[in-house]
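# Residue-level structure breakdown
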Amino acid sequence: MLSSGLTLIFSMMGVLNFAHASFYMVGAYVAYSLVGIVGFWAALLLAPLAVGVLGAGFERLALRRVHKFGHVPELLITFGASYVILELVQLIWGRTAVPFTPPPELQGSAFTIISHPLEGLSLALGKASPEMCAGAMCSNFPLTKVFMMAVALLMLVALWLLLTRTRVGLVIQASLTHPEMVEALGHNVPRVLMLVFGSGCALAGLAGVVGGITFVTEPNMAAFIGAIIFVVVVVGGIGSLAGAFVGSIVVGLLQTLPLTINGSLATLLNRFGAGVTPDTLGYPLLRLTMAEVAPILPYLLMVLILIFRPKGLLGTRED
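Residues numbered from 1 in each chain as written. Predicted model: local features only at pLDDT ≥ 70, side-chain atom pairs only at ≥ 80, totals over all residues. Heavy atoms only, no water.

### Description of the environment of Gly263
Tracing the chain through its elements places Gly263 in the loop between helix 10 (241-256) and helix 11 (265-271). For Gly263, a relative accessible area of 28% corresponds to the partly exposed category. Sequence separation between Gly263 and Ala97 is 166 residues; the distance between their C-alpha atoms is 35 Å. For Gly263, the residues in contact, after removing those within four places along its chain, are Leu288, Thr289 and Met290. (Helix = DSSP H or I, 4+ residues; strand = E, 2+ residues; numbered from the N terminus. Buried < 20%, exposed > 50% of the residue type's maximum accessible area, 1.4 Å probe, protein only. Contact = heavy atoms within 4.5 Å.)

### Focus on the pattern of salt bridges
Should the charged atoms of two oppositely charged side chains come close, the side chains can pair. According to the stated counting rule, one finds 1 salt bridge in the structure shown. In this structure, Glu59 engages Arg64 in a salt bridge whose closest nitrogen and oxygen atoms are separated by 3.2 Å. Judged by its relative accessible area of 27%, Arg64 falls in the partly exposed class. (Salt bridge = Lys/Arg side-chain N within 4 Å of Asp/Glu carboxyl O.)

### Structural notes on the UniProt feature "transmembrane region" (unreviewed entry) in the protein chain
Under the local residue numbering, the UniProt record ascribes the feature "transmembrane region" (unreviewed entry) to residues 31-54, 75-93, 146-163, 192-215, 221-242, 249-269 and 289-308. For residues 221-242, the helix share is 82%, the strand share is 0%, and the end-to-end C-alpha distance is 25 Å. In this annotation, residues 249-269 is assigned 62% helix and 0% strand; the end-to-end C-alpha distance for the span is 30 Å. (UniProt positions renumbered as here; feature names shortened; annotations may be inferred.)

### Topic: helix 3 (residues 40-66)
Its 27 residues give helix 3 an end-to-end C-alpha distance of 37 Å, which sits within 8% of 39 Å, the value for a rise of 1.5 Å per residue. Along helix 3, the sharpest kink reaches roughly 40°, centred on Glu59. (Expected span 1.5 Å × (residues − 1). Bend = angle between axes of the 7 residues up to and from the residue.)

### Some thoughts on the packing of aromatic side chains
Applying the stated criterion across every chain yields a total of 10 aromatic pairs. On the numbers, 5.2 Å between centres and 55° between planes, the contact of Phe18 with Phe230 is tilted. Linking Phe18 in the loop between helix 1 (2-13) and helix 2 (20-38) with Phe230 in helix 9 (residues 221-236), this pair joins segments that are 212 residues apart in sequence. Judged by its relative accessible area of 32%, Phe18 falls in the partly exposed class. With 5.0 Å between their ring centres and 80° between their planes, Phe40 and Trp41 make a pair best called edge-to-face. In this structure Phe40 comes out as buried when scored by relative accessible area, which is 7%. The partly exposed category is assigned to Trp41, whose relative accessible area is 40%. (Phe/Tyr/Trp six-rings, centres within 6.5 Å; stacked < 30°, edge-to-face > 60°.)

Right under this line is the structure:
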């Protein structure tokens, strides 16, 4: 969800927004404040709009002023904005986590996966009863995760349709490649770019609302997820919405599947008779399990992508 908004801003404006995760955090906090006033479902719509207005104002008052100086000032001003937003959030809502809980409709589990040693895997809708889990391993899949996946897919489809099947999308794309021609046709290019940046921030705000009820709403939530979305965008291909989707799946699997493997290279080599012992050269690295190295695997993949395929999995190189 985050990489879609970041990809929209970069593909349309050529700006790599380092404050994108900060707008994600603001979306969660704004929705938390609105829930007590208008309820969750209204906050789900109003919080992204508020974050979009904030992003559009940032582009109009700050980013546009440094655009003529090149990409480095743009990177620096978005990088600085992330720290300013963090301090403002801590001043308004405090430095500790806030109790942003899912609405009653999204509480509980969507289904339960039951792993029985004799009967194999089975699936139960909702939460399984204690009798069903007797002598088996049960894993509940939260409703919030299902909701997150549904919103992410709807966001991807809506963005693709907007950019490829509507007049607005054509104007947006033409404003980046042929701004003089678009202005000659009567369109306000700076306003179009401001709306694009605001829309990208609104998508981040929407992700923040959903992420806020699924995970923990705290000031560190931006730093926790900020780095990984750049990995997703680089792996999938900078500027490619399809690449952002594929990159998200690849990085997500790379972060989670190794957690189920307790083996290490030393274990694998010993199975083939290598005889790895604590005295073996490089043993401190060989003994690391896949679960221990899982957090660095996405960044290792990003390094390999930059070396062997700099345009990403589905990106296109521009001359």
